[in-house]
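# Residue-level structural notes
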Amino acid sequence: MAERALFENFLSCHVCTETFRDPVSLSCNHSFCSSCLQKFWEQTKNKNCPICKRKSSKDEPGVNFSLKELADSFAGRQKSGSSETEKGEKKLTVVCSKHEEEPKLFCVDEQRAVCPVCEFSLHQSHKVVPVEEAVSDLKEQLKSDLKSLQDKRNKYKQVEETYNEVIQHSKKQLLSTERQIRAEFNKLRQFLKEEEESRLAALREEEEQKGRTISREMKMIEEQISSLSDSISAVEEELQKHSVPFLSSYKDTQSRARAQSSVSDPQLVSGALIDVAKHLGNLSFRVWEKMKEKVHFSPVILDPNTASGWLYLSDDLTSVRHGDTKQQLPDNPERNTKYTNVFGSEGFSSGKHSWEVEVGEHSGWNVGLVKESVDRKGGRSASPKYGIWCLNHGSGKYTNGVGQTVTVKKSLQRIRVQLDYDRGEVSFYDPEDMTHIYTHRDTFTEKLFPYFSVWKARDAKTSEIKICEIEI
């Protein structure tokens, strides 16, 4: 195939790119179809060579019959289909029709094979090498091009594979996140349902209590009405008597009537109605205040898309531990693959920020901040040189990330991380008494994210480190 391509190139016109038809050769030894050359000269209005632009010394160059015979022979072979069979490609043998010589030389300058008898004299000033050498060199170049294409294809396949992993992992994230969202809202709905029932029960209890009070008052009033009615009837009967009988009995009736008349008038009991304002006033606000006891706020939320496969995060994304097995996670650009790191989900590019991390008795960790552009795939140490400002604990001692040991009064159970971006300070404190541990000072030029690196807990009592919640 390579030799055939060389012959094709050798016998092709540089104007129409097809096999020569009535080829003519100029004094510069470049050849073209006679009609193609004439059209080119008519268009350019000069008689320069289309390739090297040298002015031709021939006004009407004659047909190069040797080249014509070779071109006609080659074209005839192409039309007859002798170059291919059903079993595959046969070797194409092109010979000079005049000398019956195969082109055994290759002109590097013109990139085509030449006949050693007819054409060699035309290429004396060109770089000419044996066909076998040219084929070998060109095949090596093509092999190099092939390898580059294969390498490029492998890279695309690798990215394609990663995208497939991302798709599968995204589906798992969808199901897991949906489940957790539903669980959180179920908790809130359960709280609201219980709170609703509690407040309705309190409302009914008040109504029943007020009802009992009114019933007692109503019973007393009914008794008074009955007694007064009896006295009224007795007075009315007394008034019906005449003379002596009236005088003998009126005194007792009058005393009874006057005694009952002196009883104080009945009064309505205040507060008999339901205290609607107590039940409805600022209802949503009071429920929300009570709800705050059930919900919590974390100043830092871990980003699972940055977590190393060795790290396992809690469902609420506030604690992390080093697992015994590595999870199969997609190698997305955000993920840390070289070290067991995880970053916070929210970055800072100004202002003051702080949070506390409960490390307990964990034997190995790094806590601090990291710049957004840090290398998440390659090897680098946790130091300001690489954009990590942290406090390190390992081998029973504390270091500042630049190889210096930090002295502490006692083993730290919690760490307070404090960032003052504008002043360029990352500070660490013992929150128990706010003892200052260490401060990194630098100039920050990009967004910083909370940074956590967790090692195997081994025999330590504490297996995870946790971001502390704060009251709201």
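Just so it is clear, the model here is predicted, and its values are computed rather than measured.

Below, the discussion takes up the side chain of Asn332. Position of Asn332 among the secondary structure elements: in the loop between strand S9 (319-322) and strand S10 (341-343). If near-sequence neighbours (up to four positions away) are discounted, Asn332 is found in contact with Asn305 and Lys377.

A few words now on the sheet that holds strand S8 (residues 311-313). Judged by pairing direction, the sheet is antiparallel, and its 7 strands sit side by side in the order S8-S9-S20-S11-S16-S17-S18 without closing on themselves. Of all strands in the sheet, those bounded by a partner on one side alone are S8 and strand S18 (435-441). Put simply, the sheet's adjacent strands are angled 20° from each other on average, direction ignored. Note that strand S16 (residues 414-420) and strand S17 (residues 425-430) share 5 bridges and pair antiparallel. Among the inter-strand pairings, Asp420 is bridged to a residue of S17, identified as Glu425.

Looking at where Asn366 falls in the secondary structure, it is placed in strand S12 (residues 365-371). With a relative accessible area of 6%, Asn366 lands in the buried category. Among the polar contacts listed, one links the side chain of Asn366 to the side chain of Asn392, at a separation of 2.4 Å. Beyond its immediate sequence surroundings of up to four residues, Asn366 is in contact with Ala382, Cys390, Leu391, Asn392, His393, Tyr451, Phe452, Ser453 and Trp455.

Tallied over the full model, the rule gives 18 salt bridges. Measuring nitrogen to oxygen at the nearest pair gives 3.3 Å for the salt bridge that ties Glu206 to Lys278. Of this pair, Glu206 sits in helix H4 (residues 131-239) while Lys278 sits in helix H6 (residues 276-280); the two residues are 72 residues apart in sequence, bridging distant segments of the chain. One network of salt bridges, with partners in common, ties together Glu356, Glu358, Arg414 and Arg416.

One finds Phe452 and Ile465 to be the most contacted residues of the largest nonpolar core, which totals 31 residues. Elements with a contribution of two residues or more to this core: strand S11 (352-358), S12, strand S13 (388-394), S16, S17, strand S19 (448-454) and strand S20 (464-467). With sequence-adjacent residues up to four places away left out, Phe452 is seen in contact with Val300, Leu302, Thr340, Asn341, Val342, Trp355, Val357, Asn366, Val367, Ile465 and Ile467. Residues Phe10, Val24, Cys49 and Ala71 belong to the second largest nonpolar core, which totals 18 residues.

This brings us to the packing of aromatic side chains. In this structure the tally under the stated criterion is 7 aromatic pairs. For the pair Phe285 and Trp288, a centre-to-centre distance of 5.9 Å together with 40° between the ring planes defines the contact as tilted. One end of the pair, Phe285, and the other, Trp288, are both in helix H7 (residues 283-291), 3 residues apart, so they sit about a helical turn from each other. What makes Phe285 partly exposed here is its relative accessible area of 43%.

Moving on to a negative patch on the surface. On the surface, Asp315, Asp316, Glu469 and Glu471 cluster together to form a negatively charged patch. Along the chain, the position of Glu469 falls in the segment after S20. For Glu469, a relative accessible area of 36% gives the class partly exposed.

What follows concerns the sheet that holds S19. The 6 strands are arranged S10-S19-S12-S13-S14-S15 in an open sheet whose pairing can be described as antiparallel. In this open sheet, the two edge strands, each paired with only one partner strand, are S10 and strand S15 (405-406). As paired strands, S12 and S19 are joined by 7 bridges and run antiparallel to one another. What sits directly across from Leu369, in S19, is Pro450.

What follows is about helix H2 (residues 34-44). Residues of H2 that are buried include every one of Cys36, Leu37, Phe40 and Trp41, and no others. Buried residues along H2 cover an arc of 130° about the axis, so they all sit on one side. Turned more than 90 degrees from where H2 packs its buried face, Lys39, Glu42 and Gln43 sit exposed. Check the buried side of H2 and you find it contacts strand S1 (23-25) and strand S2 (31-33).

For the rest of this paragraph, the subject is the packing of H4 against helix H5 (residues 243-261). Two quantities define a packed helix pair, namely the angle between the helix axes and the distance between the axes. Contact geometry of H4 with H5 gives a least axis separation of 9 Å together with a crossing angle of 155°. Relative to H5, the element H4 lies roughly antiparallel. The element H4 and its partner H5 pack so that their crossing is left-handed. Residues Ser227, Leu228, Asp230, Ser231, Ala234, Val235 and Glu238 of H4 touch H5, and the partners they reach there are Pro245, Phe246, Ser249, Tyr250, Thr253, Arg256, Ala257 and Gln260. Considered class by class, the residues forming the contact of H4 with H5 number 7 nonpolar, 5 polar and 3 charged.

Conventions used here
- Residues numbered from 1 in each chain as written.
- Predicted model: local features only at pLDDT ≥ 70, side-chain atom pairs only at ≥ 80, totals over all residues.
- Heavy atoms only, no water.
- Helix = DSSP H or I, 4+ residues; strand = E, 2+ residues; numbered from the N terminus.
- Contact = heavy atoms within 4.5 Å.
- Pairing = 2+ DSSP bridges.
- Axes fitted to C-alpha atoms, helices over the stretch in contact; angles between N-to-C directions.
- Buried < 20%, exposed > 50% of the residue type's maximum accessible area, 1.4 Å probe, protein only.
- Polar contact = N/O pair within 3.5 Å; in protein donor to acceptor, adjacent residues only side chain to side chain.
- Salt bridge = Lys/Arg side-chain N within 4 Å of Asp/Glu carboxyl O.
- Core = buried A, V, L, I, M, F, W, Y, C linked by side-chain atoms within 4.5 Å.
- Phe/Tyr/Trp six-rings, centres within 6.5 Å; stacked < 30°, edge-to-face > 60°.
- Patch = residues over 30% accessible without salt bridge, like charges linked within 9 Å, V, L, I, M, F, W, Y side chains within 5 Å.
- Areas by Shrake-Rupley, 256 points an atom, 1.4 Å probe, with all protein chains shown as cover.
- Lys, Arg positive; Asp, Glu negative; His and termini not counted.
- Charge placed at Lys NZ, Arg CZ, Asp CG, Glu CD.
- Arc of directions from axis to C-beta.
- Parallel < 35°, antiparallel > 145°, perpendicular 65-115°, else oblique.
- Left-handed = near helix turned anticlockwise from the far one by under 90°.
- Nonpolar A, V, L, I, M, F, W, Y, C, P; charged D, E, K, R; others polar.

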